[in-house]
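As a plain string of letters, each chain reads:
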Amino acid sequence: SWGNHTSVVRWNMVISPRLFANTSVYHSLYRFKEQFENSGKQKTGQYTRSGLREFTLKSDFDLLLTGHAIKFGYQFSWQSFSPELTSVSGYTTGIAQAAVPEAEARSLSFYGEDEFIMSPLISANAGLRLLTCQSGHRTAFYPEPRLSVRVTPSDQTNLKMSVQRMVQTVHL
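Quantities reported herein were computed from a predicted structural model and do not represent experimental measurements.

Digging into the pairing of strand 2 (residues 19-38)
And then number 1: Inspection of the sheet shows strand 1 (residues 2-16) paired to strand 2 by 14 bridges, in the antiparallel sense. The residue of strand 2 that forms the bridge with Ser7 is His27.
And then number 2: The hairpin formed by strand 1 and strand 2 contains 2 residues between the paired strands.
And then number 3: Pairing between strand 2 and strand 3 (residues 44-65): 20 bridges, direction antiparallel. Bridged to Ala21 within strand 3 is Phe61.

Thoughts on the side chain of Glu54
And then number 1: Of note, Glu54 is situated in strand 3.
And then number 2: Buried and unpaired, Glu54 has no salt bridge, with Arg129 as the nearest side chain of opposite charge at 9.2 Å.
And then number 3: In terms of polar contacts, Glu54 uses its side chain to reach the side chain of Thr56, at 3.1 Å.
And then number 4: In terms of polar contacts, Glu54 uses its side chain to reach the side chain of Gln79, at 3.5 Å.
And then number 5: Not counting residues up to four positions away in its chain, the partners in contact with Glu54 are Tyr26, His27, Ser28, Ser77, Trp78 and Gln79.

What about the layout of surface pockets?
One way to see where empty space is left: roll a probe the size of a water molecule over the atoms.
And then number 1: Of the voids in this model, the largest pocket is the one considered here, and its volume is about 380 Å³.
And then number 2: Gln79, Ser107, Cys133, Thr169 and Val170 are, among the 22 residues lining the largest pocket, the residues nearest its centre.
And then number 3: In terms of residues, the lining of the largest pocket owes the most to one element, strand 6 (residues 122-135), which gives 5 residues.
And then number 4: Its residues placed into classes, the lining of the largest pocket shows 8 nonpolar, 10 polar and 4 charged.
And then number 5: Quantified by volume, the second largest pocket comes out at close to 190 Å³.
And then number 6: Those elements that provide at least two residues to the lining of the second largest pocket are strand 2, strand 3 and strand 4 (68-89).
And then number 7: Of the residues that constitute the lining of the second largest pocket, the class distribution is 4 nonpolar, 4 polar and 5 charged.

Describing the pairing of strand 5 (residues 103-117)
And then number 1: The sheet contact formed by strand 5 and strand 6 spans 13 bridges and is antiparallel. Across the sheet, residue Ser109 finds its bridge partner in strand 6, namely Leu131.
And then number 2: Linking strand 5 to strand 6, which pair antiparallel, is a turn of 4 residues.

Focus on the pattern of salt bridges
And then number 1: Inspection of the entire model under this criterion finds 4 salt bridges.
And then number 2: Arg106 is paired through a salt bridge with Glu104; the nearest N and O atoms lie 3.4 Å apart.
And then number 3: Taking the relative accessible area as the measure of exposure, Glu104 reaches 41% and is therefore partly exposed.
And then number 4: Of the charged contacts in the structure, one is a salt bridge between Arg129 and Glu144, with a shortest N-O distance of 2.7 Å. With a gap of 15 residues between them, Arg129 in strand 6 and Glu144 in strand 7 (residues 138-154) connect regions that are remote in the sequence.

The rules behind the values
- Residues numbered from 1 in each chain as written.
- Predicted model: local features only at pLDDT ≥ 70, side-chain atom pairs only at ≥ 80, totals over all residues.
- Heavy atoms only, no water.
- Pairing = 2+ DSSP bridges.
- Helix = DSSP H or I, 4+ residues; strand = E, 2+ residues; numbered from the N terminus.
- Buried < 20%, exposed > 50% of the residue type's maximum accessible area, 1.4 Å probe, protein only.
- Lys, Arg positive; Asp, Glu negative; His and termini not counted.
- Salt bridge = Lys/Arg side-chain N within 4 Å of Asp/Glu carboxyl O.
- Polar contact = N/O pair within 3.5 Å; in protein donor to acceptor, adjacent residues only side chain to side chain.
- Contact = heavy atoms within 4.5 Å.
- 1 Å grid on protein atoms, 1.4 Å probe; cavity = no way out; pocket = protein on both sides within 12 Å on 5 of 7 lines; lining within 4 Å.
- Points joined across faces, edges and corners; volume = space filled by probe spheres on them.
- Nonpolar A, V, L, I, M, F, W, Y, C, P; charged D, E, K, R; others polar.

In structure tokens form, the structure reads like this:
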């Protein structure tokens, strides 16, 4: 059996006619379990489980200025991992149960971006996300810059070019 349960509370607020805020708190719980049993001359079985629990607080802000659409915000996450644990029973050779402890990780990120018009034919979006992750005794810092440029030579044609650096801190 497996399942994913999520809960979200979201608050949208108009701070001023040009500044908007969206704040969310969410919880996610993923669990995976499977169990097999073989009956024969020798009864054998296998049990596997894994899981992930996450709590996150994030706020996103939109600021509208003349010729600019600025977005900025933050996100804090706490994650608890239950790595795959498999146990096998019934074999005379004996396969030991894996001893993988649960692990925790925390991350904090801040981001900002500006979408602006350079000319009637060219617009751009430039941004940066700063991410800090901590797991065990290890802390890592990752900058994630991005740039996107759109050229509109006619009403029917858009050319868009973009470059960005993205980091995936969780690998299951």
